[in-house]
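Working through the structure, step by step
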Amino acid sequence: MEKPAIEGGTPVRETPIFYGHQYIDEADIQAVTEVLRSDYLTCGPKIGELEKKLCALTGAKYAVVCANGTAALHIAALSAGVGEGDEVITTPITFAASANCALYCGARPVFADIDPETYNIDPAKVEAAVTPRTKAVVAVDYTGQSVDLSPLMDICKKHGLTLIEDGAHVIGTTYKGQPNGSIADLTTFSFHPVKTVTGGEGGAVLTNDETLYQKLLLYRSHGITRDETLMEHEPDGPWYYEQIALGYNYRMTDIQAALLISQLDKLPMFRARRKEIVKRYDEAFGKMPELFVQREIPESDTTRHLYILRIVPEKLKIDRRRFFDALAAENVHCNVHYIPTYYFPYYEKMGYKRGLCPNAEKLYEEIVSLPLYYAMSGEDVESVIRAVEKIVNYYRV
Ligand SMILES: *Cc1c(COP(=O)(O)O)cnc(C)c1O
């Protein structure tokens with residue numbers, strides 16, 4: 001690690017703090033051990049129970065839980081009919097999986113730039129990127145703030161595209177009063193430990209469309225069905241099933257599902273605490289002209305998964321890299337979300353060039369993700385604020 005950037009000072013925090021951490025209580029542990037003592041470790045009753053709970057939470061008609069958020073995006077794209085030669089429009093400010101799901105299906109990701117203040121994909125840039133080959137849009141609710149769904153749905157309807165909402169950050173957020181998960185054609189969730197609720201690993205796809213739902217079920221489990229109405233041949237007997245498509249083993253275990261059911265009981269509590277921390281950060285950083293606070297759209301009542309601190313480079317003597325190191329020297333260990341997807345060598349080799357999305361590229365140069373998670377104490381939050389203030393005061397132009 002770098003030397004303390006501010007010479008002679010003692011760090012604001014004695015102990016390190018990191019940008020995210022799961023919260024597991026006794027109820028979670030008990031829920032998991034109950035499954036371990038039961039007959040079913042996978043494909044048991046906890047799967048349906050979790051799916052019902054996700055429907056109740058979001059108002060979506062159908063939920064299909066699966067191995068992780070990436071698998072969720074893959075089966076969502078397959079169900080949307082994304083295939084060889086198609087194009088899928090997405091944002092570069094996201095985890096690689098949002099674009100990789102198009103590649104898994106033989107399609108080409110097309111990157112549309114973000115809004116410079118909300119950091120979510122700009123619907124006008126999406127519309128400009130539509131071609132006759134476009135099949136779907138993967139819109140990410142970056143940081144947990146809902147993308148502006150209404151204009152995106154209009155564009156998708158007009159051009160006959162499927163809207164896949166990558167809601168890995170969005171659980172607990174509502175758009176125009178309606179929970180995210182019940183609005184887009186398909187919404188995916190991730191339950192990785194840094195996300196708002198966790199199953200260790202885990203994912204889900206939500207939809208209101210019965211045809212898409214049936215496809216999701218098939219792709220989740222090898223393309224195999226036990227539903228006689230879908231079979232081509234007469235069943236040979238009660239053991240009989242048919243493979244009618246090429247699917248995967250993307251199933252979730254009952255162990256994960258039980259943990260998630262228990263975690264979802266705490267979502268209102270997680271949501272309230274995250275909102276409180278974000279409010280406190282916004283209050284503190286909104287006063288400082290050296291920092292830019294992410295713009296909230298009034299349509300989104302946001303449960304924030306990430307808190308993005310953005311520096312105004314003209315107003316500071318240091319760049320993001322040194323800002324990041326200075327925070328680490330104060331024992332505040334941040335992260336950066338995200339490196340624009342098309343910067344990765346794998347994408348470069350496919351011909352993607354820098355300069356494609358200027359707003360996204362500028363954002364990437366100016367951000368760090370501050371600690372934001374349920375179990376942060378009030379003193380944790382204040383110490384992060386003190387560390388940021390100390391650095392800004394020291395390096396102000
Ligand atoms: C975490 C994440 C994913 C992938 O989810 P996994 O459960 O880790 O596979 C996809 N998209 C975004 C935006 C994410 O943050």
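Residues numbered from 1 in each chain as written. Predicted model: local features only at pLDDT ≥ 70, side-chain atom pairs only at ≥ 80, totals over all residues. Heavy atoms only, no water.

This brings us to the pattern of salt bridges. A full pass over the atoms with the stated rule returns 23 salt bridges. The residue Asp 25 makes a salt bridge to Lys 266 at a minimum N-O spacing of 3.0 Å. Pair noted here: Asp 25 is in the loop between β1 (17–18) and α1 (26–36) and Lys 266 is in the loop between α8 (254–264) and α9 (267–286), with a separation of 241 residues, a long-range link. Look at the salt bridges and you will find they share partners, linking Asp 25, Asp 28 and Lys 266 into a network. (Salt bridge = Lys/Arg side-chain N within 4 Å of Asp/Glu carboxyl O. Helix = DSSP H or I, 4+ residues; strand = E, 2+ residues; numbered from the N terminus.)

What follows covers the side chain of Asp 380. Relative to the helices and strands, Asp 380 resides in helix α13 (residues 378–395). Looking at Asp 380, the relative accessible area reads 15%, which means it is buried. Reaching out from Asp 380, the side chain makes a polar contact with the backbone nitrogen of Ser 377 at a distance of 2.9 Å. (Buried < 20%, exposed > 50% of the residue type's maximum accessible area, 1.4 Å probe, protein only. Polar contact = N/O pair within 3.5 Å; in protein donor to acceptor, adjacent residues only side chain to side chain.)

This part is about helix α2 (residues 45–58). Between its terminal C-alpha atoms α2 stretches 20 Å, which fits the 20 Å expected from 14 residues at 1.5 Å a residue. Every buried residue of α2 is accounted for by Ile 47, Leu 50, Glu 51, Leu 54, Cys 55 and Thr 58. End-on view of α2: buried residues confined to an arc of 140°, all on one side of the axis. In α2, the exposed residues that point more than 90 degrees away from the buried face are Pro 45, Lys 52 and Ala 56. Check the buried side of α2 and you find it contacts β2 (62–66), β8 (178–179), β9 (186–190), β10 (203–207), α7 (210–220) and α8. Count one or two residues on from α2 and you reach Gly 59, which has phi positive near 85°. (Expected span 1.5 Å × (residues − 1). Arc of directions from axis to C-beta. Contact = heavy atoms within 4.5 Å.)

Moving on: the sheet that holds strand β6 (residues 162–166). The 7 strands lie next to each other as β2-β10-β9-β6-β5-β3-β4, forming an open sheet whose pairing is mixed. The strands lining the two open edges of the sheet, one partner per strand, are β2 and β4 (108–111). Pairwise comparison of adjacent strand axes, ignoring direction, gives a mean angle of 25° for this sheet. Relative to β10, β2 runs antiparallel, the two sharing 5 bridges. Bridge assignment links Tyr 62 to a residue of β10, and that residue is Thr 207. Against the sheet, helix α3 (residues 69–79) makes contact with β2, β5 (134–140), β6, β9 and β10, and its axis sits at roughly 165° relative to β9, the strand it touches most. (Pairing = 2+ DSSP bridges. Axes fitted to C-alpha atoms, helices over the stretch in contact; angles between N-to-C directions.)

The subject of this paragraph is the site of the ligand. Surrounding the ligand, one finds 16 residues, the nearest of these being Gly 69, Thr 70, Asp 166, Ser 190 and Lys 195. A distance of 2.7 Å separates an oxygen atom of the ligand from a polar backbone atom of Gly 69. Between a nitrogen atom of the ligand and a side-chain N or O atom of Asp 166, the distance comes to 2.8 Å. With the chains in place, 92% of the 380 Å² that the ligand exposes on its own is no longer accessible. For the shell around the ligand, the secondary structure elements donating two or more residues are α3 and α4 (97–104). When residues in the shell around the ligand are grouped by element, the largest group, 3 residues, is from α3. (Near = heavy atom within 4 Å. Areas by Shrake-Rupley, 256 points an atom, 1.4 Å probe, with all protein chains shown as cover.)

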